[in-house]
Amino acid sequence: MSQSGWIWYQNEFLPRQAVSISPDDRGYYFGDGLYEVFRVYNGLLFEPSAHFDRLERTAKALQIALPFSRSQMEARLQELIGKNEVTNGTVYMQITRGEAARSHPFPPYVEPVLMAHTSVSERPLDMMRRGITAVTADDIRWLRCDLKTLNLLPNILAKQEALDRGADEVILHRSGTVTECSASNIMIVKNGVLRTHPANHLILHGVTRLVVLRLARELGLPLLEEPFTLEALGQADEAFLTGTTVEVTPIIRIDGRPVGNGSPGPIVQQLQTAFEAAISALA
Ligand code: PDD
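Residues numbered from 1 in each chain as written. Predicted model: local features only at pLDDT ≥ 70, side-chain atom pairs only at ≥ 80, totals over all residues. Heavy atoms only, no water.

Some thoughts on empty space enclosed by the protein
Thought 1: Following the criterion strictly, the structure yields two cavities of 30 Å³ or more and no others.
Thought 2: Secondary structure elements with two or more residues in the lining of the largest cavity: strand S4 (33-41) and helix H6 (207-218).
Thought 3: Residue classes in the lining of the largest cavity are distributed as four nonpolar, four polar and two charged.
Thought 4: In this structure, the second largest cavity occupies an estimated 40 Å³ of space. (1 Å grid on protein atoms, 1.4 Å probe; cavity = no way out; pocket = protein on both sides within 12 Å on 5 of 7 lines; lining within 4 Å. Points joined across faces, edges and corners; volume = space filled by probe spheres on them. Helix = DSSP H or I, 4+ residues; strand = E, 2+ residues; numbered from the N terminus. Nonpolar A, V, L, I, M, F, W, Y, C, P; charged D, E, K, R; others polar.)

Written out as structure tokens, the structure reads:
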């Protein structure tokens, strides 16, 4: 992955080294802000409306007034992609409440601080073909996991714990109910039925999750948006992640035990093929 030269900062495009963020930025002090990560395929934003829906919903809940309309944001991001010559990669966009002396209440007059940059990265094809390993851990996050805020410490700690335990990813659970992973959603398959946690306050409403559920419906796969337990996870025929950076990635071992026969199953492969077609349709 390589990060590219131009940054969208406030109302202009600046070279990376020309951007300076204040030490009084509330994002820096409090994580008081929100973000989005978009995938770029063939130089185009993937599913921009779903990302802007979530961005607007988060901004509203945090009472941060977005400085641009969604059509302005989409046009600026597309311009940034062009300036940085990104064909395949990601766009990261963050908006904080703004800059003010450190004090908990909202400052009375403050302008949000917006920053967006791009990265060039190839699709995770090897990982999607081979699958990954995961361990389970307590979900110790707050109760508004549906908001895409900058506060990611629990996600970071859980991800690092997985790596330290020799696994690739962490599967989070609340008292035995599986929620999601550190930066992706999780789905399982049992007897041909797809199951994933409902899109409520306990998970991020993933854009990829939405796309995969749409594809599953088109394929006529039975699906349930219902919570499932660690026990059901342990007995699943298939399990996989969905996310902007991981796309549709099979999980082949959980807590040291194989999922199904320990290799990517037929349903995840069917969904990967359908996802591939959805990306190609973008060109
Ligand atoms: N994360 N759940 C969590 C906790 C996430 O952070 C993400 C995305 C997802 C998947 O959402 P989507 O399909 O919209 O990418 C689920 C981004 C990629 C990140 O923080 O880097």
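Description of the packing of aromatic side chains
Thought 1: According to the stated counting rule, one finds seven aromatic pairs in the structure shown.
Thought 2: Aromatic side chains Tyr28 and Tyr29 sit 6.4 Å apart centroid to centroid with 25° between the ring planes, which places their arrangement in the stacked category.
Thought 3: Given a relative accessible area of 32%, Tyr29 falls into the partly exposed group.
Thought 4: With a centroid separation of 5.4 Å and 55° between ring planes, the pair formed by Phe38 and Phe52 is classed as tilted. Of this pair, Phe38 sits in strand S4 while Phe52 is found in helix H2 (residues 48-62), placing the two residues 14 residues apart along the sequence. Judged on exposure class, the residue Phe38 and its partner Phe52 are both buried.
Thought 5: Ring pairs connect the aromatic residues Tyr28, Tyr29 and Phe30, which therefore count as one cluster. (Phe/Tyr/Trp six-rings, centres within 6.5 Å; stacked < 30°, edge-to-face > 60°. Buried < 20%, exposed > 50% of the residue type's maximum accessible area, 1.4 Å probe, protein only.)

Here we look at the pattern of salt bridges
Thought 1: Counted under the stated rule, the structure contains 22 salt bridges.
Thought 2: Between Glu56 and Arg70 there is a salt bridge; the shortest N-O distance is 3.0 Å. You can see Glu56 sitting in helix H2 and its partner Arg70 sitting in helix H3 (residues 70-83), a full 14 residues away along the chain.
Thought 3: Arg165 serves as the salt-bridge partner of Glu161, at 2.8 Å between the closest nitrogen and oxygen. (Salt bridge = Lys/Arg side-chain N within 4 Å of Asp/Glu carboxyl O.)

Structural notes on the packing of H2 against H3
Between two packed helices, the angle of one axis relative to the other and the distance separating the axes together describe the packing.
Thought 1: Where H2 meets H3, the axes come as close as 11 Å, and the angle between the chain directions of the two elements is 125°. One way to sum up the angle between H2 and H3 is to call them oblique. Here the hand of the crossing between H2 and H3 comes out right-handed. From H2, Pro48, Ser49, Phe52, Asp53, Leu55 and Glu56 reach across to H3, where they touch Arg70, Met73, Glu74 and Leu77.
Thought 2: Its residues assigned to classes, the contact of H2 with H3 comprises five nonpolar, one polar and four charged. (Axes fitted to C-alpha atoms, helices over the stretch in contact; angles between N-to-C directions. Parallel < 35°, antiparallel > 145°, perpendicular 65-115°, else oblique. Left-handed = near helix turned anticlockwise from the far one by under 90°. Contact = heavy atoms within 4.5 Å.)

A short note on the site of the ligand
Thought 1: Around the ligand, the surrounding shell holds 18 residues, and the nearest of these are Tyr35, Glu180, Val207, Thr208 and Thr244.
Thought 2: Interatomic distance of 2.8 Å between a backbone N/O atom of Val207 and an oxygen atom of the ligand.
Thought 3: One of the side-chain nitrogen or oxygen atoms of Thr208 is found 2.6 Å away from an oxygen atom of the ligand.
Thought 4: If you map the ligand onto the pockets, it falls in the largest pocket.
Thought 5: Secondary-structure elements contributing two or more residues to the shell around the ligand are S4, strand S10 (177-181) and H6.
Thought 6: Its residues assigned to classes, the shell around the ligand shows six nonpolar, eight polar and four charged. (Near = heavy atom within 4 Å. Polar contact = N/O pair within 3.5 Å; in protein donor to acceptor, adjacent residues only side chain to side chain. Sits in = over half its atoms within 2 Å of the grid points.)

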